[in-house]
Every structure is written in C-alpha cells, then in structure tokens.
Amino acid sequence: MTGLLLLTVGLFGSYTYSRLNQSADEMSLRVLKQTSSLVEQRVQALLQKAESQSRLLAATVRPSVNVGGLELVDTVNLPVLGTQLAELVRDNQEIGAVQVVLADSGRSVQASQDVSGGINVTIVDGPVAERTLMRYRPFGDRLLLRETLPSPGLDPREEQSYRLGANAARTVWTGVTLLTEFPTGPTPGITCATPVLAGDGRLRAVVTVSLTLADISRFLNTIKVGETGFAFLLEQTRDGGVRLVADPQPQRLLVSDGDSRRLATLEELNDEVISGMVGRLMMEPRLDEGDLLYVSFPARGQDYVGSFQRVSAERIPNLLLGATVPRAEFLPSPEEIFFFLATGAG
C-alpha cells in the first residue's frame, strides 16, 4: 500500500512539475511577444516620422517652375531653405540634422542641433574650386552669419548618405552611426536619404534626415519585462557582427577611443545576459521580418528566456528587437510546489 502511495505521489509530482514548466514557458513567451510588439511600434513610429519629413523636404526643394519640362532645383534659395530646416530641427528633438545637397553643383544647406542646445545652419556655396562654408545662427525668421570659411574642394556629394540616396530610386537608410550634433553629446543614430528627381528621371538633389536612437533607449527604460528583465535594440552589421544601439542604460552604449567616442563592442559591454542571447542568435538561421525567435540560455547562475524579432520595415538597417527575463520569474517557489504536491496527494 505504501509503495502504491509513493508511486502515485511520484507520478503526480512529475506531472505537476511538467505542467508548471509548460505554463512558465507559455507565460514567458506571452510577455516577450507583448514587449516586442510595444517596442516595434515605437521604432516604427520614429522611422516613419523621419521618412515622412524627408519626403516633405524633397517636395519642398522640387520647385514648381518648369523650364523646358525640366525642374530647376539649383534655383533653391539656400538661406530661406535653411530657416525652414532650422524650424524642423527645433520642433523635433529626436532629429539631429537635416541636409539638402544639390546634385549638379554640390551646393548644400544643413540645419543641426548644437552641443550648446541651439541650432546651427551651415551653407556650402560657390563652385567646388572656390567653395565657401558659411555658418549661421537662426534668429526669428532670419539667419545671422557667424563665420565664413574658404573651403576649396569641399563637396558634400562625397558623403556616404548622399551617395546612398543618389543611387536609390526612393528613400533609403544608412546603418547606425554616431551623431555628434546633440547637446547631450554623441549618440547612436541613423540617417534616411531621399533622392529628388526631375521629370526626366535625372537626379537633382538628395535630402537626408539624421535621427537619434536616444528616444528608443528612453522608451526601453519604461518597459517592464517581468520583475528584472529588460528589452534592447541590436544592429546586425554587414560583416555579420552585432552591436547594441539602444538600451535602458544608454550610458553604456559608448566607449572612449582616444579623443573620440564609438559604440561599444559586446565584449566591452561585458553583459553576460546579452552575450548569452546573441550566442543563441548566431546558432539560428537569419530571421525574416516580423518573425519571433524564442531562446533559452544560462546566465548569471540561472536560466533565462528571451526573444528576438527583426523590425518589420522596408529599406531600414538590420535592426533586431531583443527582450529577456529570468525563467524563474514564471515558476512557483519551492514552497508553492510542495503545497501543490501535498494538496494533490491528499
């Protein structure tokens, strides 16, 4: 009789333990899915806002005057356009810089945030061999000239974002770079570039909008993943590497490299949880947009569960949403398991 009772308790305990583990997996997956959905909505909104601003600016520099059926983009008044760009940057704190580069001449105008908290407007004008760089400070609806610098040979058309947009038929994105225009110092960001085409399809200008990811880091800091879990944003680089580009602790994203700053490598972050998750990611085939990869891994002396999801948007960098939490947070305590067994056996 005693043997039969022990066998019954053992079978019940095994079944209960299995059900508890299954329930923990289901609950953790639900939490991770909800987290990924929230973060993706925020990222999507930010990217779509930048693309929308870029397209609106492209329409602004595409003049309505047609001569011989061709649109004359080079008739743009750069100082007037500069005041408009300055207003755009002032009204959108997540935008670090906005630039318009004219294709035929290389003339350009850029409005950017200043480390002091103001707005800078920079105009590059004149033939390439006699180039002049002028820096302005917006004052009401005017620009006040601060300095003029002879800059022969300076050509904004050599910049990566210009070349990317010039070779595209529509809005495209750069990878994550370090934006230096912000009052709080360098911050990870991305740039979208929109080509401005004439009626005959010829390139007339490229509009770029540089966007900080600091807003995403601030949002991640408000996301609750269980009790001690967290969410983050990664970029998969072209060489197959992975970089952390947004995090609830944004101060750890950058490290000093001589006199400059750069994004930290995963080794420099020294985060056992993120490294463990990325290690599992590298063992899996490439994620398609919108797919959710559910992983489990050991870190910090316990088992973690996590998820990866590729941001679902066209023409953007390879951004991955990550979320993780200790698995123990979804399991009952040993005391609760004993209570289940005792009441079940009784």
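It should be noted that the structure appears before, not after, this text.
Residues numbered from 1 in each chain as written. Predicted model: local features only at pLDDT ≥ 70, side-chain atom pairs only at ≥ 80, totals over all residues. Heavy atoms only, no water.

A.B. asks: Which residues make up the environment of Ser37, and what values do they have?
C.D. replies: Positionally, Ser37 belongs in helix α1 (residues 2-60). Given a relative accessible area of 34%, Ser37 falls into the partly exposed group. Taking the C-alpha atoms as reference, Ser37 lies 9.7 Å from Gly290; in sequence the two are 253 residues apart. (Helix = DSSP H or I, 4+ residues; strand = E, 2+ residues; numbered from the N terminus. Buried < 20%, exposed > 50% of the residue type's maximum accessible area, 1.4 Å probe, protein only.)

A.B. asks: I'd love a proper account of the sheet that holds strand β16 (residues 292-299), names of residues and values included.
C.D. replies: The antiparallel open sheet is built from five strands, whose spatial order is β13-β12-β18-β17-β16. Each of the sheet's edge strands pairs with one partner strand only, and the pair in question is β13 (242-246) and β16. Across this sheet, the average inter-strand angle for adjacent strands is 35°, counted without regard to direction. The pairing of strand β12 (residues 230-236) with strand β18 (residues 319-326) spans six bridges and is antiparallel. Bridging from a neighbouring strand, Phe232 pairs with Gly322 of β18. Seen against the sheet, helix α6 (residues 272-281) touches β12, β13, β16, β17 (302-310) and β18 and runs at an angle of roughly 130° to β16. (Pairing = 2+ DSSP bridges. Axes fitted to C-alpha atoms, helices over the stretch in contact; angles between N-to-C directions. Contact = heavy atoms within 4.5 Å.)

A.B. asks: Go over the packing of aromatic side chains with me, naming the residues and quoting the values.
C.D. replies: Counted under the stated rule, the structure contains three aromatic pairs. Ring centres of Phe232 and Phe308 lie 6.5 Å apart, and the angle between their planes is 80°; this geometry places the pair in the edge-to-face category. Note that Phe232 is positioned in strand β12 and Phe308 in strand β17, a separation of 76 residues in sequence. The same class applies to Phe232 as to Phe308, namely buried. Look at Phe297 and Tyr304: their rings are 5.7 Å apart centre to centre, the planes differ by 20°, and that puts the pair in the stacked class. Residue Phe297 shares its accessibility class with Tyr304, and that shared class is buried. What links up through ring pairs into an aromatic cluster is the set Phe230, Phe232 and Phe308. (Phe/Tyr/Trp six-rings, centres within 6.5 Å; stacked < 30°, edge-to-face > 60°.)

A.B. asks: So what's going on with the pattern of salt bridges? Which residues, and what values?
C.D. replies: A pair can form between side chains of opposite charge whenever their charged atoms are brought close. Applying the stated criterion across every chain, the model contains 16 salt bridges. Ionic pairing is found between Glu227 and Lys224, a salt bridge with its closest N-O pair at 4.0 Å. By the burial criterion, Glu227 is exposed, and Lys224 matches it. In this structure, the salt-bridge partner of Arg280 is Glu284, at a minimum N-O distance of 3.3 Å. For Glu284, a relative accessible area of 29% puts it in the partly exposed group. Within the structure, one salt-bridge network assembled from shared partners comprises Asp247, Arg252, Asp271 and Arg300. (Salt bridge = Lys/Arg side-chain N within 4 Å of Asp/Glu carboxyl O.)

A.B. asks: Kindly report on the side chain of Glu40, identifying the contributing residues and their values.
C.D. replies: Topologically, Glu40 is positioned in helix α1. Nearest to the buried, unbridged Glu40 among oppositely charged side chains is Arg310, at 10 Å. Separated by 3.1 Å, the side chains of Glu40 and Gln309 make a polar contact. Beyond its immediate chain neighbours, meaning those up to four positions away, Glu40 contacts Gln309, Arg310, Val311, Ser312 and Leu321. (Lys, Arg positive; Asp, Glu negative; His and termini not counted. Polar contact = N/O pair within 3.5 Å; in protein donor to acceptor, adjacent residues only side chain to side chain.)

A.B. asks: Break down empty space enclosed by the protein for me, with residues and values.
C.D. replies: Within this structure, the stated rule accounts for one cavity of 30 Å³ or more. Computed from the structure, the largest cavity encloses a volume of approximately 30 Å³. Among the elements of the structure, α1, β12 and β18 are those that each provide at least two residues to the lining of the largest cavity. Tallied by class, the residues present in the lining of the largest cavity amount to five nonpolar, three polar and no charged. (1 Å grid on protein atoms, 1.4 Å probe; cavity = no way out; pocket = protein on both sides within 12 Å on 5 of 7 lines; lining within 4 Å. Points joined across faces, edges and corners; volume = space filled by probe spheres on them. Nonpolar A, V, L, I, M, F, W, Y, C, P; charged D, E, K, R; others polar.)

A.B. asks: Go over the pairing of strand β10 (residues 187-197), please, and point to the residues and values.
C.D. replies: With 10 of 11 residues buried, β10 lies mostly within the body of the structure. The pairing of strand β8 (residues 172-173) with β10 spans two bridges and is classified as antiparallel. Bridge pairing in β10 links Trp173 to Cys192. Taken together, the three bridges between strand β9 (residues 177-179) and β10 define a ladder with antiparallel strand orientation. Directly across from Leu179, in β10, lies its bridge partner Thr187. Alignment of β10 against strand β11 (residues 203-212), held across nine bridges, turns out to be antiparallel. Bridge pairing in β11 places Val196 opposite Ala205. Joining the antiparallel neighbours β10 and β11 is a turn of five residues, in which Gly201 adopts a positive phi near 90°.

Remember, this is a structural readout, not a statement about activity or role.
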